[in-house]
Amino acid sequence: MKALLQACLIISCSLYATLSKSQCDGIILNEIHYDNSGSDVGEFIEVAIPTGNGLTLSEYTVHLYNGSGGATYNSENVDNFTIGMSDANYDYHYWEIVGIQNGDPDGFGLSKNGLHCELLSYEGTFTAAAGTPANGVLSVDIMVSESNNSAIGESLQLVSGVWDGPIPETKGDTNTPPLPSITIDDVTIEEGDTGLSTLIFTTVLSATDPNDVTFEINTLDGTATTSDNDYIAISAEIGTISAGNLSTTIEVSVVGDSIIESNEEFNIILSNVSTNASISDSIANSTIINDDFANCPNTGDIIITEIMNNPAAVSDNDGEYIELYNKTDIAIDIEGWLVSDNGSNNHTIANGSPLMIPATSYLIIGINDDSITNGGLTVDYEYSGITLGNSEDEIIVTCALNGVSVEIDRVEYDNGITFPDPDGASMNLNPNNLDAVENDNGLNWCESTSSFGDGDLGTPGQGNDVCGTGLPTISINDFSSDEGDSGTSSFTFTVMLSSTSSNDVSFEINTADGTATAIDNDYQPLTMSTDTILAGSLSTSIDVIVYGDTNQEPDESFNVILSNISSNAFILDSIGVGTILSDESNCPNMWNLSGMISGVEDYETSGLILSDQLIKSTAIVDYDATTTIELLPGFEIELGAIFEAFIDGCNNGGGGVN
């Protein structure tokens, strides 16, 4: 020692020496309890002393260390510990003490005659301070801890050389190896369309046990329920993992159906495990995968009935909306459908669950679903990625399911040419025209007249305003006349109002070919011509020039179409049919016929008929000849056409030899 002191005069050193753990004669720190829920109860430290060694226990001391700074705050000689039980290897002595610090970190150590043997810590590590037996030693974290949620009566224990816990305390006795723990796995299955399928759950023990491990099994409804017959419940069933085995299985029957629905879930719950095991995972989640999928409805089952493309009460970015109507007598789910235009605007409906339009009901999709900022509108689904053009645009609704895309409806509005062009009001499909073909025609749309929300006009989610209410209706008659053999004649059509208007009613006029065509010089077409019924008047007339000829031909027709009606009238009949009556001899000497026929034709002759015509499936054709009807090699009748041929002479009305 004298030499050691002399050395310390030359260099800084510690007078404290350290014994190895074995120099503590096999005594080990074996168990500790320092924290629990509520006020700390029954705190203690236990040591394990080799049996029959005749040790002088007063030489051994247990120290409590404060992890903040590493100093000791209490200690006790082992010979003052309470003597507990013994087993073949150790005697167990313990120190019951109030005020063991709760960590983050703190520690405890063992020394012999003031020389350090062992320093352990919990909730972290620290270095022992000068003046302690473990001066300068870094603690060893036991890697388990207690907290203010730990149960009273539990402790941290050294089991087979590894610290474990919190587990039920064994103060003064042999530490208990941890019980094997049970876990159960999650399982997924497709439900199937009929009958039963089996979900198989596996329960696993962390280690075998020499005795059977039993537990109780119950199912618990989630989105899958027994009341909906999704699966067959288990109630208070007993499961067993046989002695020496690590696992067993649990079977639950799932009921198949063909109902279109979301994936559904329920739980398996394990409880009441036997005393020779614990449960570390007591809940298994079971998922029933839906394997039934909707098919797209027919085109026109869902139609576009109202379009707010230019609100006034709020901005376009807040107030635009589209109204959809379900024409059918069953609800239709539009989840996953596509709403788009002919350009880059598109949005896939992603509600996260079915988005149903009930039978014969409306649904509103809008750019903003906040009724405070969207003009007082109730929106069923908020879309993004779509802006509605204020002049012209397209709205296309496409069903996209199971890799199949079907266009259900489309509306292409046209900057006021035929469709209305409102500001602060929606475009409104006349409720008398709820059809996917009818809503293609802008003349079946009008400006809404009912007010909603913050003052814009529309009927979102409700039956639309009847177009033309309180306004005079406008219509055009049909006209027929002989064509003449040469020169021109006028076909005069009358455009009429149902009642007078205090302002002029204007409209646009166009002609359209039928069996009479402009290219064959049958009549002189009109293109974007305009006319007016003057204020206080009921009608005006339209003249179309027809050219005469001496061609042997059937009667022919063309159309006069009204569009772009001024807002002070509503269209009732927009198409006038002009029929050019053939005034050539009703009984020509012969007919030499060719070409394609798709309408109604009647050929009568005092001689013969030669024909290589194609009679389309939509045609109704009558041949009447006095002598001969000869069908040439090119003659063909499509399935569905009506064709009659008679050798009965001219103007006999059929019924002869055919």
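Source: prediction; values computed, not measured.

S.K.: So, the overall build of the chain: which residues are in play, and what are the values?
M.R.: Across its full length, the chain holds 2 helices and 50 strands. A compact globule built from 658 residues would reach a C-alpha radius of gyration of about 26 Å, whereas the chain, at 48 Å, exceeds it by more than 25%. Based on the C-alpha atoms only, the size of the chain along its principal axes is roughly 150 × 60 × 50 Å. When each of the 658 residues of the chain is scored for burial, the buried share is 43%. Within the chain, residue pairs in contact and separated by at least 24 positions form 58% of the contacts whose partners lie at least 6 positions apart.

S.K.: Explain the nonpolar core to me, using residue names and the numbers behind them.
M.R.: Nonpolar side chains tend toward joint burial in soluble globular proteins. Ile-304, Ile-307, Ile-322, Leu-324, Trp-337, Leu-388 and Trp-445 are the most contacted members of the largest nonpolar core, which totals 34 residues. Of all the secondary structure elements, the ones that give two or more residues to this core are strand 21 (302-308), strand 22 (321-326), strand 27 (362-366), strand 29 (392-401), strand 30 (404-414) and strand 31 (427-429). Residues contacting Leu-388, with those up to four places away along its chain left out, are Ile-307, Met-308, Asn-309, Glu-320, Tyr-321, Ile-322, Tyr-383, Asp-393, Ile-395 and Tyr-413.

S.K.: For the sheet that holds strand 39 (residues 556-563), give the residues involved together with the corresponding values.
M.R.: Here we have 5 strands laid out as an open sheet, ordered 34-41-39-36-37, and mixed in their pairing. Looking along the sheet, the strands with just one partner apiece sit at the ends: strand 34 (479-482) and strand 37 (529-533). The average undirected angle you get between the axes of adjacent strands in this sheet is 25°. Both strand 36 (residues 505-513) and strand 39 contribute to a ladder of 6 bridges, which runs antiparallel. Its bridge partner being in strand 39, Ala-512 is matched across the sheet by Asn-559.

S.K.: Describe the confidence of the model for the chain, with residues and values.
M.R.: Any region with low pLDDT has predicted coordinates that should not be read closely. In this model, the chain carries an average pLDDT of 89, and 94% of its residues clear a pLDDT of 70 or more. A low-confidence stretch, residues 1-22 stays under pLDDT 50, and its non-local contacts, those more than four residues away or across chains, total 20 contacts.

S.K.: Quick rundown of the environment of Ala-284? Include the residues and the values.
M.R.: Assignment of secondary structure puts Ala-284 in strand 20 (residues 283-289). For the pair Ala-284 and Asp-185, spaced 99 residues apart in sequence, the C-alpha to C-alpha distance is 5.7 Å. Sequence-distant contacts of Ala-284, that is, excluding residues within four places in its chain, are made with Ile-184, Asp-185, Asp-186, Phe-201, Phe-266, Asn-267 and Ile-268.

S.K.: Before we move on, could you go through the side chain of Asn-464 and cite the residues and values that matter?
M.R.: Topologically, Asn-464 is positioned in the loop between strand 32 (445-447) and strand 33 (473-476). In terms of polar contacts, Asn-464 uses its side chain to reach the backbone carbonyl oxygen of Thr-305, at 2.8 Å. At a separation of 3.1 Å, a polar atom in the side chain of Asn-464 contacts the side chain of Thr-459.

S.K.: Describe the pattern of salt bridges, with residues and values.
M.R.: Taken as a whole and assessed by the stated rule, the structure comprises 7 salt bridges. Across the pair Asp-435 and Lys-327 runs a salt bridge whose closest N-O atoms are separated by 3.4 Å. Highlighted residues: Asp-435 in the loop between strand 31 and strand 32 and Lys-327 in the loop between strand 22 and strand 23 (332-333), separated in sequence by 108 residues. Arg-410 serves as the salt-bridge partner of Glu-412, at 2.9 Å between the closest nitrogen and oxygen. Shared partners join several salt bridges into a network, and the residues in it are Asp-25, Glu-59 and Lys-112.

S.K.: Go over the side chain of Glu-601, please, and point to the residues and values.
M.R.: Summarising the element assignment, Glu-601 is placed in strand 44 (residues 600-604). Buried within the structure, Glu-601 lacks any salt-bridge partner; its nearest side chain of opposite charge belongs to Lys-616, at an N-O separation of 14 Å. Every residue in contact with Glu-601, bar those within four places of it in the chain, is listed here: Pro-554, Ile-620, Val-621 and Asp-622.

S.K.: Quick one: what's the story with empty space enclosed by the protein, residue by residue and with numbers?
M.R.: Scanning the entire structure with this criterion turns up 2 cavities of 30 Å³ or more. If you go around the largest cavity, the residues you meet are Met-308, Pro-311, Val-314, Gly-319, Tyr-321, Asn-374, Gly-375, Leu-377, Phe-452 and Asp-456. Taken together, the residues of the lining of the largest cavity sort by class into 6 nonpolar, 3 polar and 1 charged. Taken as a whole, the second largest cavity spans an internal volume of roughly 30 Å³. For the second largest cavity, the full set of lining residues is Val-339, Ser-340, Asp-341, Asn-345, Ile-386, Thr-387, Leu-388, Asp-393, Glu-394 and Ile-395. Where the lining of the second largest cavity is concerned, the elements lending two or more residues are strand 24 (338-340) and strand 29. The biggest single contributor to the lining of the second largest cavity is strand 29, with 3 residues.

About the criteria used
- Residues numbered from 1 in each chain as written.
- Predicted model: local features only at pLDDT ≥ 70, side-chain atom pairs only at ≥ 80, totals over all residues.
- Heavy atoms only, no water.
- Helix = DSSP H or I, 4+ residues; strand = E, 2+ residues; numbered from the N terminus.
- Rg over C-alpha atoms; globule rule 2.2 N^0.38 Å.
- Buried < 20%, exposed > 50% of the residue type's maximum accessible area, 1.4 Å probe, protein only.
- Contact = heavy atoms within 4.5 Å.
- Core = buried A, V, L, I, M, F, W, Y, C linked by side-chain atoms within 4.5 Å.
- Pairing = 2+ DSSP bridges.
- Axes fitted to C-alpha atoms, helices over the stretch in contact; angles between N-to-C directions.
- pLDDT = per-residue confidence, 0-100.
- Polar contact = N/O pair within 3.5 Å; in protein donor to acceptor, adjacent residues only side chain to side chain.
- Salt bridge = Lys/Arg side-chain N within 4 Å of Asp/Glu carboxyl O.
- Lys, Arg positive; Asp, Glu negative; His and termini not counted.
- 1 Å grid on protein atoms, 1.4 Å probe; cavity = no way out; pocket = protein on both sides within 12 Å on 5 of 7 lines; lining within 4 Å.
- Points joined across faces, edges and corners; volume = space filled by probe spheres on them.
- Nonpolar A, V, L, I, M, F, W, Y, C, P; charged D, E, K, R; others polar.

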